[in-house]
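A look at the structure
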Amino acid sequence: MKIRSFILASTAVFALSSAAQAATELYLINCGADNEPQAPVQQTHIDEWVKANPDYTVRVEFLPWEQCQEKTLTLAAAGTPPAAAYMGSRVLKQLSAAGQIVPITLTEDELKTYEPSVISTVQFDGQVWGLPRAFSTKALYWNKDLFKEAGLDMPNGPQTFDEMLTAAKAIKEKTKAAGFGMPAADMDNTFHEFLNFLYSNGGQVVDADGKVAFDSKNNAETLKFYQELAKYSQEGPVAYDRGKLEPLFKEGQIAMYTSGAWGRGKAEGVNFGVALIPAGPSGKHSTLLITDSLVVFKGTGQEEATQNLIKFLTAPERQSAFDEAGGWTPIRAGAGADALIAKDPNWKPFIDAVPTGGPEPLMQDYIGMQDAAIEGIQAVISDEVTPEEGAKQINDGLAGLS
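Residue numbers run consecutively from 1 along every chain, following the written order of its sequence. Note on the predicted model: pLDDT of at least 70 is required for a residue's local features to be given, and 80 or more for side-chain atom pairs to be given and counted; whole-chain, interface and lining totals, by contrast, use all residues. Processing note: side-chain calculations cover all non-hydrogen atoms of the structure and skip hydrogens and water entirely.

Let me state the cut-off plainly: UniProt positions are given in the numbering used here, feature names are shortened, and annotations may be inferred rather than shown by experiment.
Going by what an unreviewed UniProt entry lists, the protein chain is known as Extracellular solute-binding protein and is assigned to Paracoccus aestuariivivens. Here the protein chain is described in UniProt, under the heading Sequence similarities (unreviewed entry), as follows: "Belongs to the bacterial solute-binding protein 1 family."

A closer look at unusual backbone geometry
Selection rule: The way it works is that DSSP assigns letters per residue, a run of H or I at least four long becomes a helix, a run of E at least two long becomes a strand, and they are numbered from the N terminus.
Of note, D125 is a non-glycine position whose phi angle comes to about 55 degrees, a positive value. Within the secondary structure layout, D125 lies in the loop between β6 (123-124) and β7 (127-128). If you check the backbone angles, D383 has positive phi at about 60 degrees while not being a glycine. Relative to the assigned elements, D383 resides in the loop between α15 (366-381) and α16 (387-399).

Observations regarding the nonpolar core
Short version of the rule: Residues belong to a common nonpolar core when they are buried Ala, Val, Leu, Ile, Met, Phe, Trp, Tyr or Cys residues joined through side-chain atoms within 4.5 Å. Burial classes follow relative accessibility: with a 1.4 Å probe on protein chains only, a residue under 20% of its type's maximum area counts as buried, one over 50% as exposed, and anything between as partly exposed. Where each domain starts and ends comes from a domain assignment, either automatic or drawn from a database. Contacts between residues were defined by any pair of non-hydrogen atoms, one from each residue, lying within 4.5 Å.
Ranked by size, the top nonpolar core spans 104 residues in total, and within it F147, F214 and M256 carry the most contacts. For this core, the element with the highest residue contribution is α15, accounting for 9 residues. Taken domain by domain, this core gets at least three of its residues from each of domain 1 (24-135 + 289-358) and domain 2 (139-286 + 363-400). When sequence neighbours within four positions are dropped, the list of residues in contact with F214 reads F194, L198, Q204, V205, N219, L223, A391, I394, N395 and L398. The next biggest cluster of nonpolar side chains, apart from the first, holds 17 residues, and it includes A178, F249, F350 and I351.

Focus on the environment of E360
Residue position: E360 is located in the loop between β13 (358-359) and α15. With relative accessibility at 6%, the residue E360 sits in the buried group. Sequence-wise, E360 and Q38 are 322 residues apart; in three dimensions their C-alpha atoms are separated by 23 Å. Excluding anything up to four places from it in sequence, E360 contacts R90, H192, L288, L289, I290 and Q370.

A word on the pattern of salt bridges
Here is the rule: By definition, a salt bridge exists where a carboxyl oxygen of Asp or Glu is found within 4 Å of a side-chain nitrogen of Lys or Arg.
Under the counting rule described, the total for this entry stands at 13 salt bridges. The shortest N-O distance in the salt bridge between E235 and K172 comes to 3.9 Å. Taken together, the residues E235 in the loop between α9 (217-230) and α10 (242-250) and K172 in helix α7 (residues 161-174) connect sequence positions 63 residues apart. On the basis of relative accessibility, which here comes to 65%, the residue E235 falls in the exposed class.

Spelled out as structure tokens, the structure:
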């Protein structure tokens, strides 16, 4: 099918070449549910693209997250991939290494619309392998009433590791609450939440060349901080993931925990503040940047049209509408982000941390990476190993995967 391109709303789209030819279906797998608030926004944009490109139809299949990525990977391995999929960016390196996805071609102007830290979540080997679709940052939630009860004078919440330890200790000793809610279960968010503090202390998991770099002073310092913080956290942190901490914060049983912007809606009735992740002695305020992204699969014969579709969907104005509907941190800075802060100042820490944030580490065996890191974190907070030993243990575990 011969196609030509033209400009519509600053995005190239494909024109009809032959009315006699049947429309070609682009099959898109979407991790998540079709009743989520952003789904109709996306469908409206898809309909706009199809109207401008009548040679094509788009079929979207929504699947639960626990099934979605498995089905997508199975189809790709079998040589019958979807045209595109919306999935966690953590799988991009695995898909790229298997030769199952194609890099996204972006002009310099298109690339400049993204904060470098955001595009880094989908970028490696000098290529962009997906387009960020949903984005989250983290911040520290703190209970103002518990801080007051403990006699703490921190009007903006703790700003450093030392201040956070001071606050957690005082709350544990002077109130009936735990100072901090620490997730340390065998769940991915144990690693994710730890990375917020690791990046805030200038640490890294892999270096710029993709080599494991966990055995460092900065990382050992962060593990030491976590080991100390565990003393003032809820009992048995290895039994808790982040989801189990949300009701504890709402009920006043923990004074602090880290979460995304959605946590604001889960703390109804709490006199809370939201602060940047405290800075470590060797770093500055940072956060973990997590994206889900739209990726284009190889072997469908429709790679060019599919890439055009996902660039259309993620163009600034349409992506901003998608972000707002989903309640996520805006992928791009600008008027949309400013409007969120004006409406609710608690958005500010989530947005301000974006330029200094760090990506979810990209390794081919991302599950093995998480498991090795979680095992080391658990060993440190349980006082089974020293922070220095923990950093080396995690480093050795990750090195064995590369």
